[in-house]
Amino acid sequence: MTAVHEPSTAIRTVTASIDGHEVTVPDGTTIYDAAREVGVDIPVLCHNDRYDPVGVCRMCVVDTGGRVFAAACVRPCEDGMEVKTASAELERNRAVLTELLLTDQPPRAEDPKQTTTADNALLELADRYGVARETTALPCGSGRGRDSSNPVIDVDHDACILCDRCVRACDDIQGNDVIGRSGKGYATRIAFDLNDPMGASSCVTCGECVQACPTGALTNKSINLIPIRPREELDAIDSVCPYCGVGCALTYYVDRERGAISFAEGRPQPGSQSRLCVKGRYGWDYAASPQRLTTPLIRVESSYPKGPLSADVRGDGDGRRNGKNRAEGRKPGGLVDYDEVMPHFREATWEEALDLVARRLREVHAEGGPGAIAGFGSAKCSNEEAYLFQKLIRAGFGTNNVDHCTRLCHASSVAALFEGVGSGAVSTTYGDVVNADVVIITGSNPTANHPVASSFFKQARRKGTKIIYVDPRASTVAEHSDIHVQLKPGTDVAFYNAVMHEIIRLGFIDREFIAARTSNYDELARTVADYPPERAAQITGVDADTIREVARTWGEAGAAVVYWGMGISQHTTGTDNARCLIALCSITGQVGRPGTGLHPLRGQNNVQGASDAGLIPMFYPDYQGVDRDATRQRFERAWGTRLDPKRGLTVTEIVKSVLEPGGVRGMYMLGENPFLSDPNINKVRKALSALDFLVVQDIFLTETAEFADVILPASSYLEKDGTYTNTDRRVQLGRKVLDPPGQARVDWEIVQDIAQRIGLDWNYASASEVFDEMVALMPSYTNLTHANLGLSGKLYPNADPEHSDGTIVMFDERFNTEDGLAHLVPAQWLPPKELPDAEYPLVLNTGRLLEHWHTGSMTRRSFALDTISPIAEVYLHPKDAAERGLAHGQRVRVRSRRGEIELQVRISHREQLGNCFIPFHFREAAANLLTIDEIDPYGKIPEFKFCAVQVEALA
Ligand code: SF4
Ligand code: SF4
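Heads up: these notes are all about the structure in this document.

Each value, and the rule that gives it
- Residues numbered from 1 in each chain as written.
- Chains lettered and ligands numbered in written order.
- Predicted model: local features only at pLDDT ≥ 70, side-chain atom pairs only at ≥ 80, totals over all residues.
- Heavy atoms only, no water.
- Helix = DSSP H or I, 4+ residues; strand = E, 2+ residues; numbered from the N terminus.
- Buried < 20%, exposed > 50% of the residue type's maximum accessible area, 1.4 Å probe, protein only.
- Areas by Shrake-Rupley, 256 points an atom, 1.4 Å probe, with all protein chains shown as cover.
- Lys, Arg positive; Asp, Glu negative; His and termini not counted.
- Charge placed at Lys NZ, Arg CZ, Asp CG, Glu CD.
- Pairing = 2+ DSSP bridges.
- Axes fitted to C-alpha atoms, helices over the stretch in contact; angles between N-to-C directions.
- Disulfide = S-S within 2.5 Å.
- Near = heavy atom within 4 Å.
- Nonpolar A, V, L, I, M, F, W, Y, C, P; charged D, E, K, R; others polar.
- Salt bridge = Lys/Arg side-chain N within 4 Å of Asp/Glu carboxyl O.
- Core = buried A, V, L, I, M, F, W, Y, C linked by side-chain atoms within 4.5 Å.
- Expected span 1.5 Å × (residues − 1).
- Phe/Tyr/Trp six-rings, centres within 6.5 Å; stacked < 30°, edge-to-face > 60°.
- Lys NZ or Arg CZ within 6 Å of the ring centre and 35° of its normal.

Re the overall build of the chain
Of regular secondary structure, the chain possesses 29 helices and 38 strands. Taken over the C-alpha atoms alone, the chain extends approximately 90 × 70 × 65 Å along its principal axes. A total of 955 residues make up the chain; the buried ones form 65% of that total. Counting every atom, the chain has about 33400 Å² of accessible surface; 49% of that belongs to carbon and sulfur. Side chains of the chain carry 101 positive and 128 negative charges; the gap between the two charge centres is 3 Å.

Structural data, given as structure tokens:
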């Protein structure tokens, strides 16, 4: 085995003179880059460091003594070359070019510089060369027109200078391939797909082209109806995106006078490298929704017994948004009906509400013992909030009944990783894909769920990395893959066992690695011997030759890495699925080097951090087992209290326990909405109704809050400081951008107030102080502080955060298991728990859309996201639709053994025959009314990806 992309040892250099400055640079360095090294700034328009240079605008031409001027952005330096960058002739040349380009520009409104993201480089050049718009002789504008069809991006073709920056941003950076050119000569303009309006094209509104445009041809529209001011008048706050686990770094530009965000843009960070997706760039206005909770609420006496207060999730609206989507003044059809629910609560002071919460939780605890209390935290909260919340439940109530939505996303992956390699975190980063020869992306739809990570996958493929995509759905990434394995859902173990069978048969295993770094290989080999490709073909529906091709492609790779999503983890065999992936990497030695390893793509922005911080029932912070005496005693000393030696209940077990005698009776819910996010929500509804006491701390009135006795108005992500750990193990600072509305308060302070009221002596003064306490108890986070995280955050583990970004590749010498070996755990294929039959003949798969996030409480209150994706749909294969006589857009009923929902049909070639897909964001068509609550025996994760349903026309 050899590592790939080894750096060349002998780098040839050249020495040139630029405006009299001698500079020595590696051979191939452009004049533009070399000039910057000696502090000489050459003006550019079409060039930007993030894109490959094309040299089309000619603004950067320099004099190299040749017959014609050379474009500095593309011309390499040569030994002995003498370059002049600013002679009178060159400057005259640039001035004329600026004047010519300006001729085509449309008239500007009051603020000519404002392009909403990039400064207008063309107008800056006009100022520099003293070219006034009025001095040009030709009529304004090229007459190529405007396009306002995208809800948040405006296209002014007249302002376009055809520099192709947007084309390169869309193709080379984001890999979306939407923008090209159409027309000839003067009529040439940028085109979206086949010259479609932008809003009707395949554009995914990532905004990368807006960030790239140097002239204001592509601009952001205001999404909160507040005019966008010039950048210089706005406050720039560096933070991190609050949506997915990719954790993109961004800057919010804030209009302080109006107390509102104007726009957001990506900023440099080693992971996301200034990229954003539609959610990060345009999905922040939810925080200013008029529906924010602003006052503590207490349920009125007349509203008992508890139950769902607004219309039933099945009957609330038709899923369509009629007319306006702006949050202002609307009553959203798919959200909790405030008018119906609010009369069941009365406003209270913080003192009254907190006193009541503390008293009732203490009473439930006194009556039922520690096991009567449980807490659900949230992977949307910061590390500090997660840490304090689990500490409150453990130290305040003597129970480990504390969990969060990791249970619903990657709990099985974490169980398998712990058992196999001794750590639940990824072994390498998503950006390390660039060093891989081959990548398997499996059980994941990264273009929707991890859009910025997927842009790196697509970019790596352009540079030669082969992508094997293994997924029952043909989502967009299938179009960017070399092999798409469209296996039947729930057959992953059979598929990977067959791949390993072939790898062993063909001798592609790494014997040295197996001998030195793994245990239990013989048993694994015996198990996979029973899975020849022909047998696996019968189970998986994938032909045997494709299985052989995958085995050969993986086996021949010098470096290979697996990225997986919830299509692997959200099964009753989720742990077995992940065990197979660990074994596949381990027997081929594909762990511990650049471009190799294991990466479960984490869902929520802070699911990694919340788990690291101990928001799980079996572990204290940093995965230190609650059932280990020495560990427990250490935490008892640190927290000054006695702790429960038994593991607590998981999310699904807590719901079950509420419905059993002697089970959980009182709950503290911080930012979770299990009424929509948990499987089989009819059961969740019964559990929430049956609780003796429920306090919900959230930013909106969620479906779960309808069952609460007390509702505490919390702060959104944008209203507080704290750290968040992304899927790469990168710990980053989220910074306060806005003040919380009304009386809403910062979450960790609310948790501290409750802790004090139940007798805990907590006096944290800041999130940073909480972080320091956590780190002292978490070996993996050693050395990290708020101060040394800097603007880019740091990967953990990190021996020297002052000077290092942290560890990219883990396990280069040993695994984190006690014996240092990777433990290979063989798995037998088992069918899913509820197979299709005559009455329920289709397999239901649930998941996310690009524009929405989980239960939609944020994204459905975002103008951009809700406008682009406003309705609930069931995605059906054309034949399945035809068999049922269903047309695209028709209203249908989907039913399972647990419930039924009504929504619209989307005919989709991306589905497999016999399968359908429903996103779980939509209250009015809640997919989890249908799902089954069977769980994986190890990770306790529900089988969200497989249950039997029927789809039928509404009578
Ligand atoms: S918004 Fe993104 S996908 Fe759409 S055209 Fe611009 S770069 Fe391409
Ligand atoms: S990829 Fe994820 S973290 Fe990045 S901008 Fe999109 S939602 Fe935010």
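Re the sheet that holds strand β37 (residues 915-919)
The strands that make up a sheet pair up through hydrogen bonds in the backbone, lying either parallel or antiparallel. Taken in spatial order, the six strands close into a barrel running β33-β37-β34-β36-β35-β38, and their pairing is mixed. The average angle at which neighbouring strand axes cross in this sheet is 45°, direction not considered. Here strand β34 (residues 873-876) runs beside strand β36 (residues 900-907); their pairing, made up of four bridges, is parallel. In the sheet register, Glu-873 faces β36, and the bridge partner there is Gln-904.

A few points about the state of the cysteines
Counted under the stated rule, the structure contains zero disulfides. Left without a disulfide partner, Cys-381 is nearest to the cysteine sulfur of Cys-405, which lies 9.6 Å away.

A look at the site of ligand 1
Of all residues adjacent to ligand 1, which total 14 residues, the nearest are Cys-170, Cys-203, Cys-206, Gly-207 and Cys-209. For the shell around ligand 1, the residue count by class is 10 nonpolar, three polar and one charged.

What about unusual backbone geometry?
Across the junction of Tyr-796 and Pro-797, the peptide omega takes the value -5°, indicating a cis bond. Of note in this structure, Asp-622 is not a glycine but carries a positive phi near 65°. Looking at the secondary structure, you find Asp-622 in the loop between β24 (619-620) and β25 (624-625). Taking relative accessible area as the criterion, Asp-622 reaches 12% and is therefore assigned buried.

A look at the site of ligand 2
In the vicinity of ligand 2, the contacting residues are Cys-241, Tyr-243, Cys-244, Gly-247, Cys-248, Leu-276, Cys-277, Lys-279, Gly-280, Pro-451 and Val-452. Elements supplying a minimum of two residues to the shell around ligand 2: α6 (278-282) and α12 (451-462). Here the residues of the shell around ligand 2 sort into eight nonpolar, two polar and one charged.

Comments concerning the pattern of salt bridges
Applying the stated criterion across every chain, the model contains 63 salt bridges. As a salt-bridge pair, Glu-719 and Arg-292 come within 2.8 Å of each other at their nearest N and O atoms. With Glu-719 in the loop between β28 (710-713) and β29 (722-725) and Arg-292 in the loop between α6 and β14 (297-299), this pair connects stretches of sequence that are 427 residues apart. Side by side, Glu-719 and Arg-292 carry an identical accessibility label, which is buried. A salt bridge links Asp-629 to Arg-632; the nearest nitrogen and oxygen atoms lie 3.1 Å apart. Placement of the pair is Asp-629 and Arg-632 together in helix α21 (residues 629-639), with a separation of three residues, close to one helical turn. Exposure remark for Asp-629: the relative accessible area of 47% places this residue in the partly exposed category.

Some points on the nonpolar core
The tendency in soluble globular proteins is for nonpolar side chains to be buried side by side. One finds Leu-218, Tyr-252 and Val-894 to be the most contacted residues of the largest nonpolar core, which totals 137 residues. The greatest single-element share of this core, amounting to five residues, is contributed by α12. The next biggest cluster of nonpolar side chains, apart from the first, holds 60 residues, and it includes Ala-348, Ala-358, Phe-635 and Leu-712.

Things to note about the sheet that holds strand β13 (residues 260-266)
Ordered in space as β11-β12-β13, the three strands form an open sheet in which the pairing is antiparallel. Here the strands that pair on one side only, and so sit at the sheet edges, are β11 (235-240) and β13. Strand after strand, the sheet turns through a mean of 30° between neighbouring axes, direction not considered. As paired strands, strand β12 (residues 249-255) and β13 are joined by six bridges and run antiparallel to one another. Pairing of Asp-255 across the sheet is with Ala-260, part of β13.

What about helix α19 (residues 574-587)?
The end-to-end C-alpha distance of α19 is 20 Å, a good match for the 20 Å that 14 residues give at a rise of 1.5 Å each. Counted residue by residue, α19 has 14 buried out of 14 residues, so it is predominantly covered. Where α19 terminates, the next one or two residues include Gly-589, which has phi positive at roughly 65°.

Describing the packing of aromatic side chains
Taken as a whole and judged by the stated rule, the model has 21 aromatic pairs. For the pair Phe-457 and Tyr-563, a centre-to-centre distance of 4.6 Å together with 40° between the ring planes defines the contact as tilted. Residue Phe-457 is found in helix α12, and its partner Tyr-563 is found in strand β22 (residues 560-564); the two are separated by 106 residues along the sequence. Just as Phe-457 is buried, Tyr-563 falls in that class too. By the ring-pair criterion, three or more aromatic residues cluster together here, those being Tyr-387, Tyr-620, Phe-635 and Trp-639. It is Arg-535 that lies over the ring of Tyr-531; its NZ or CZ is 4.4 Å from the centre. If you follow Arg-861 out to its NZ or CZ, it ends over the ring of Phe-700, 3.9 Å from the centre.

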